[in-house]
Amino acid sequence: MAIIQIRNTGEQISDESAVREFLTGNEVYYDHWTLDAIPADLREEFSLDDAQKERILEALSPQIEALAAERGYVKWDVVAMSEKTPNLEEILKKFEQVHTHTEDEVRVMAGGSGVFVIKGKDGGYFDVVLSAGDVISVPEKTPHFFTMTDERRFVAVRLFIDPSGWVAHPFEDPAFTKA
Ligand SMILES: [Fe+2]
């Protein structure tokens, strides 16, 4: 289950219905999947080769295809990062810049954990701490970034409406507060 941390107040929301209500209020799509279909040998694996990524997509394909049909995604892939990822600190510095996209940004956390930092409707930022099974979509044009937790490992499925149009536009925001 996702946990919300509100940056300006330090408030934390962890009750499931309150998390869902908060995210809905901010127009952030949220769902939680069971991941029983992922083969056991891939569940604790965070350095994945292409064949392993394919097996994860295959295992989750009924759920992925249902979500794609419901929300218009045409393409999906898997990203995996861990402490073994080369140049990890540099990559994270690049990640942690507020930006927007012209389409929504979808992640299915297939393993490990991650955080979306999102600009709320009230102008302040909140963190959505995601764990395995969490599915989130940040709406188009909403300032945000994705980063790792201290666990420093995740596997995520990304889904795209138009992969060629998926570009990060930097968003300078004096309202952004670093954690
Ligand atoms: Fe993004």
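None of these values were measured; they are calculated from a predicted model.

K.L.:
Explanation requested: the packing of aromatic side chains in the structure shown.
P.N.:
What characterises a pair of aromatic rings is the spacing of the ring centres plus the angle enclosed by the ring planes. For the structure shown, the criterion picks out 5 aromatic pairs. Ring plane angle 75 degrees and centroid distance 5.7 Å describe the contact between Phe145 and Phe176, whose orientation is recorded as edge-to-face. With a gap of 31 residues between them, Phe145 in strand 9 (residues 144-148) and Phe176 in the segment after strand 11 (169-170) connect regions that are remote in the sequence. As far as burial versus exposure is concerned, Phe145 and Phe176 are alike and both buried. Judged by centre distance (5.2 Å) and plane angle (80 degrees), the rings of Phe146 and Phe154 are edge-to-face. With relative accessibility at 5%, the residue Phe146 sits in the buried group.

K.L.:
Honestly, the pattern of salt bridges in this entry has me stumped. Any pointers?
P.N.:
Where charged atoms from two side chains of opposite charge come close, those side chains can pair. Applying the stated rule across the entire model yields 12 salt bridges. Residue Arg7 pairs with Asp127 through a salt bridge whose shortest N-O separation is 2.7 Å. Pair noted here: Arg7 is in the loop between strand 1 (3-6) and strand 2 (12-13) and Asp127 is in strand 7 (residues 125-131), with a separation of 120 residues, a long-range link. A residue is classified by how much of its surface remains accessible, and Asp127, at 9% relative accessible area, is buried. The shortest N-O distance in the salt bridge between Arg55 and Asp41 comes to 3.0 Å.

K.L.:
Help me understand the nonpolar core, please; the structure alone is not making it clear to me.
P.N.:
Nonpolar side chains tend toward joint burial in soluble globular proteins. Core analysis: the biggest nonpolar cluster contains 24 residues, and Ile4, Leu23, Ile118, Phe126 and Val128 have the highest contact counts within it. Those elements giving two or more residues to this core turn out to be strand 1, helix 1 (16-25), helix 4 (88-95), strand 6 (105-119), strand 7, strand 8 (134-138), strand 9 and strand 10 (153-160).

K.L.:
Help me understand unusual backbone geometry in this model?
P.N.:
Glycine aside, residues mostly have negative phi angles, and peptide bonds mostly take the trans form. Backbone geometry places Asn87, a non-glycine residue, at a positive phi of 55 degrees. Here Asn87 is to be found in the loop between strand 4 (75-82) and helix 4. Look at Lys141: it is not a glycine, yet its phi comes out positive at around 65 degrees. Within the element layout of this structure, Lys141 appears in the loop between strand 8 and strand 9.

K.L.:
Hey, could you run me through helix 1 in this one?
P.N.:
Because each turn of an α-helix spans 3.6 residues, side chains separated by three or four positions end up pointing in the same direction. Every buried residue of helix 1 is listed here: Val19, Phe22 and Leu23. Along the axis of helix 1, the buried residues cluster in a sector spanning 95 degrees; they form a single face. The outward face of helix 1, more than 90 degrees from its buried face, is lined by the exposed residues Glu21, Thr24 and Gly25. Summarising the contacts, the buried residues of helix 1 are in contact with strand 1, strand 2, strand 3 (29-32) and strand 7. The positive-phi residue at the C-terminal boundary of helix 1 is Glu27, with phi of around 60 degrees.

Calculation notes
Residues numbered from 1 in each chain as written. Predicted model: local features only at pLDDT ≥ 70, side-chain atom pairs only at ≥ 80, totals over all residues. Heavy atoms only, no water. Phe/Tyr/Trp six-rings, centres within 6.5 Å; stacked < 30°, edge-to-face > 60°. Helix = DSSP H or I, 4+ residues; strand = E, 2+ residues; numbered from the N terminus. Buried < 20%, exposed > 50% of the residue type's maximum accessible area, 1.4 Å probe, protein only. Salt bridge = Lys/Arg side-chain N within 4 Å of Asp/Glu carboxyl O. Core = buried A, V, L, I, M, F, W, Y, C linked by side-chain atoms within 4.5 Å. Arc of directions from axis to C-beta. Contact = heavy atoms within 4.5 Å.

These results come straight from atomic positions and should not be treated as a statement about function.
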